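Listed below, chain by chain, are the residues.
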Amino acid sequence: MAPARVESLALSGLAAIPAEYVRPVEERPTEGVFNLKGGVEAEGPQIPVVDVAGWDSADEDIKKEIRRQVAEASREWGVMQLLNHGISETLIERLQAAGKAFFDLSVEEKEKYANDHAAGKIAGYGSKLANNASGQLEWEDYYFHLLWPENRRDMTTWPKHPQEYIEVTDAYGREIRKLVTKILTTLSLDLGVEEDRMERVLGGENLEMQLKINYYPRCPQPELALGVEAHTDISALTFLLHNMVPGLQLFHDGKWVTAKCIPGALIVHIGDQVEILSNGQFKSGLHRGLVNKEKVRISWAVFCDPPKDALIGPMKEVVDENNPPLFPAKTFQQHTDHKLFKKAQAQAEAQAAKKLNQST
Ligand SMILES: Oc1cc(O)c2c(c1)O[C@H](c1ccc(O)c(O)c1)[C@@H](O)[C@H]2O
Ligand SMILES: O=C(O)CCC(=O)C(=O)O
Ligand SMILES: [Fe+2]
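Counting restarts for each chain, with residues numbered from 1 along the sequence as it is written. Here every chain gets a letter starting at A, and every ligand a number starting at 1, in the order they are written. Confidence filtering applies because this is a predicted model: local features only for residues at pLDDT of at least 70, side-chain atom pairs given and counted only at 80 or more, and all residues used for totals across whole chains, interfaces and linings. In computing side-chain values, all of the structure's heavy atoms are included and hydrogens and water are not.

Participant: Honestly, the site of ligand 2 in this entry has me stumped. Any pointers?
Facilitator: What surrounds ligand 2 is the set Lys212, Asn214, Tyr216, His231, Asp233, Leu240, Leu248, His287, Arg297, Ser299 and Phe303. Contact between ligand 2 and Asn214: an oxygen atom at 3.1 Å from a side-chain N or O atom of the residue. N or O atoms closer than or at 3.5 Å make up a polar contact, with two conditions inside protein: a donor-capable atom paired with an acceptor-capable one, and, for residues adjacent in sequence, both atoms drawn from side chains. Taking Ser299, its side chain carries an N or O atom lying 2.7 Å from an oxygen atom of ligand 2. Throughout, the Shrake-Rupley method with a 1.4 Å probe supplies accessible areas, and for residues the shown protein chains are the sole cover considered. Protein burial of ligand 2: of its 290 Å² of free accessible surface, 97% is covered by the chains. Broken down by secondary-structure element, the contributors of at least two residues to the shell around ligand 2 are strand E6 (208-216) and strand E13 (297-305). Here the term charged refers only to Asp, Glu, Lys and Arg, the term nonpolar to Ala, Val, Leu, Ile, Met, Phe, Trp, Tyr, Cys and Pro, and the term polar to all other amino acids, Gly among them. When grouped by side-chain class, the residues that make up the shell around ligand 2 number four nonpolar, four polar and three charged. Throughout, near means a residue has at least one heavy atom within 4 Å of the molecule or strand. Every helix listed is a DSSP run of H or I at least four residues long, and every strand listed is a run of E at least two residues long, numbered separately from the N terminus.

Below you can see the structure in the form of structure tokens.
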């Protein structure tokens, strides 16, 4: 059975959200939060902002300082906001207009692109399935498709409307692919390994990129729901844009910190694969997405992944007798399966505990 679309629920005008969307008290977005509104004037810690305008500077000191800042953010937060990353404002505006135009279609039109997650076909228009014992759902619909490498794309899974979608999304993907090399080079140099070391392990030309457009409809009870529940990304790196509606939160020093909305910034997450390669020196940050009563939130996540059969473990150069490997080597497929399995298990256990509490 096709899952309910969150957009249809939101448009039905209900005052209270269905029980499957109500989070347990400890997960609710008002608990332990800094800067709930994501305002620029907010006090408290902020996700690091790194200006990379001088990335290709002839001045070695400028390059070293950028490297230091990117590495520090990756070690301490696992996320950063990049300024002057080189992707033009016009391209970003066109990408966002195309994604929005797709989601502006009626749910009925979008259903023509419905994915079939249960059958393993994740590409297309989707919403989370209640595939675990607790039946817990997220307040979002999404569109997901492979963006890179070019020769593995299945264009039948890309939106045909608006007409511009394919051209601008392709152009954005090419720009992101260049930034993947820049970040992986920077991080490799910081670890003292060959500059192309991480990119090679992550598949080089076969490194994959998946695009997920997250669409978070207005929510009548945003204090009870989550758009995306707390997780770390299974990717190596994730690049994120949004429509300037706050909602992304990072878990740092025991509190949730809301990302500031900075015009033109590109958010970069360190994912699990870079954490593993660096033997835990770089952190895959725990994050989640909140929803909003007044505004629809949209974000564009590009997940940069190794091929499914790539074996990823701590690089030999970062391991010695004082720094034993913290992670077993696994193929990317094994990592994904293991994480999904662990999550389902934890949710089943939580549900069993809840039932026990209710019956005693
Ligand atoms: O290839 C990837 C890498 C990732 O890091 C992620 C991904 C795919 O998809 C996740 C996802 C997609 C669709 C859903 O319905 C989800 O609940 C999760 C994403 O969260 C991310 O970790
Ligand atoms: O919408 C956001 O800001 C976060 C989305 C996210 O974490 C994801 O898609 O993995
Ligand atoms: Fe994420």
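Participant: Where do I start with the coordination of the iron ion (ligand 3) in this structure?
Facilitator: When four donors bind a metal tetrahedrally, each ideal donor-metal-donor angle is 109.5 degrees, and when six bind octahedrally, the ideal angles are 90 or 180 degrees. Here the iron ion (ligand 3) is held by the protein donor atoms His231 (NE2), Asp233 (OD) and His287 (NE2), which lie 2.1 to 2.2 Å from it. Here a donor is an N, O or S atom found within 2.8 Å of the metal, or within 3.2 Å if the metal is Na, K or Ca; sites may look incomplete because water is not among the atoms. Positions of the donor residues of the iron ion (ligand 3) along the chain correspond to the pattern H-x1-D-x53-H. Summary of the burial criterion: residues with accessible area below 20% of their type's maximum are buried, those above 50% are exposed, and those between are partly exposed, where the area comes from a 1.4 Å probe applied to protein chains only. Judged by its relative accessible area of 22%, His231 is partly exposed. Residue classification places Asp233 among the buried residues on the basis of a relative accessible area of 6%.

Participant: Help me understand the UniProt feature "domain: Fe2OG dioxygenase" (unreviewed entry) in the protein, please; the structure alone is not making it clear to me.
Facilitator: UniProt positions are given in the numbering used here, feature names are shortened, and annotations may be inferred rather than shown by experiment. Within the UniProt annotation, "domain: Fe2OG dioxygenase" (unreviewed entry) is assigned to residues 205-306. The span residues 205-306 is 6% helix and 44% strand, and its two end C-alpha atoms sit 10 Å from each other.

Participant: What is the right way to look at the site of ligand 1 in this model?
Facilitator: Lining the immediate environment of ligand 1, one finds His117, Ile122, Glu138, Tyr142, Phe144, Gln210, Lys212, Asp233, Ile234, Ser235, Phe303 and Asp305. With respect to ligand 1, the backbone of Ser235 contributes an N or O atom lying 3.1 Å from an oxygen atom. Between ligand 1 and Asp305 there is a distance of 2.4 Å, counted from an oxygen atom to a side-chain nitrogen or oxygen. Elements that contribute at least two residues to the shell around ligand 1 include exactly strand E5 (141-148), E6 and E13. When its residues are assigned to classes, the shell around ligand 1 shows five nonpolar, three polar and four charged.

Participant: How do you make sense of unusual backbone geometry when you look at a structure like this?
Facilitator: The omega angle of the peptide bond from Trp148 to Pro149 is 5°, so this bond is cis rather than trans. Tracing the backbone through its elements, the reader meets Pro149 in the loop between E5 and helix H5 (165-191). For the bond from His161 to Pro162, the omega torsion is 0°, close enough to zero to count as cis. With respect to the element layout, Pro162 can be found in the loop between E5 and H5.

Participant: Explain the packing of helix H3 (residues 89-103) against H5 here, please?
Facilitator: Geometrically, a packed helix pair is captured by the angle between its two axes and the distance between the axes. Only the stretch in contact is used when a helix axis is fitted, and all axes are lines through C-alpha atoms; the angle between N-to-C directions ranges over 0 to 180 degrees. Running from N to C, H3 and H5 point in directions that differ by 130°, and their axes come no closer than 9 Å. Judged on the interaxial angle alone, H5 and H3 are oblique. For the element pair H3 and H5, the recorded crossing hand is left-handed. Residues Leu91, Arg94, Leu95 and Ala98 of H3 form the contact with H5, whose own contacting residues are Tyr165, Glu167, Val168, Thr169, Ala171, Tyr172 and Glu175. Residues that form the contact of H3 with H5 fall into these classes: seven nonpolar, one polar and three charged. For classification purposes, angles smaller than 35 degrees are called roughly parallel, those larger than 145 roughly antiparallel, those between 65 and 115 roughly perpendicular, and all remaining angles oblique. The sense of a crossing depends on the near helix, which, turned anticlockwise from the far helix by less than a right angle, makes the crossing left-handed and, turned clockwise, makes it right-handed. Should any heavy atoms of two residues lie within 4.5 Å, those residues are considered in contact.

Participant: Can you help me understand the pattern of salt bridges in this one?
Facilitator: When charged atoms on two side chains of opposite charge get close, those side chains can pair. Salt bridges are identified by distance alone: a Lys or Arg side-chain nitrogen within 4 Å of an Asp or Glu carboxyl oxygen. Applying the stated rule across the entire model yields 26 salt bridges. One salt bridge in this structure joins Lys128 and Glu138, with 3.9 Å as the shortest N-O distance. Taken together, the residues span a long stretch of sequence, with Lys128 in the loop between strand E4 (124-127) and E5 and Glu138 in the loop between E4 and E5 at a distance of 10 residues. Exposure class is identical for Lys128 and Glu138. Each is buried. Among the salt bridges present, the one from Arg153 reaches Asp170, with a minimum N-O distance of 2.8 Å. Residue Arg153 is found in the loop between E5 and H5, and its partner Asp170 is found in helix H5; the two are separated by 17 residues along the sequence.

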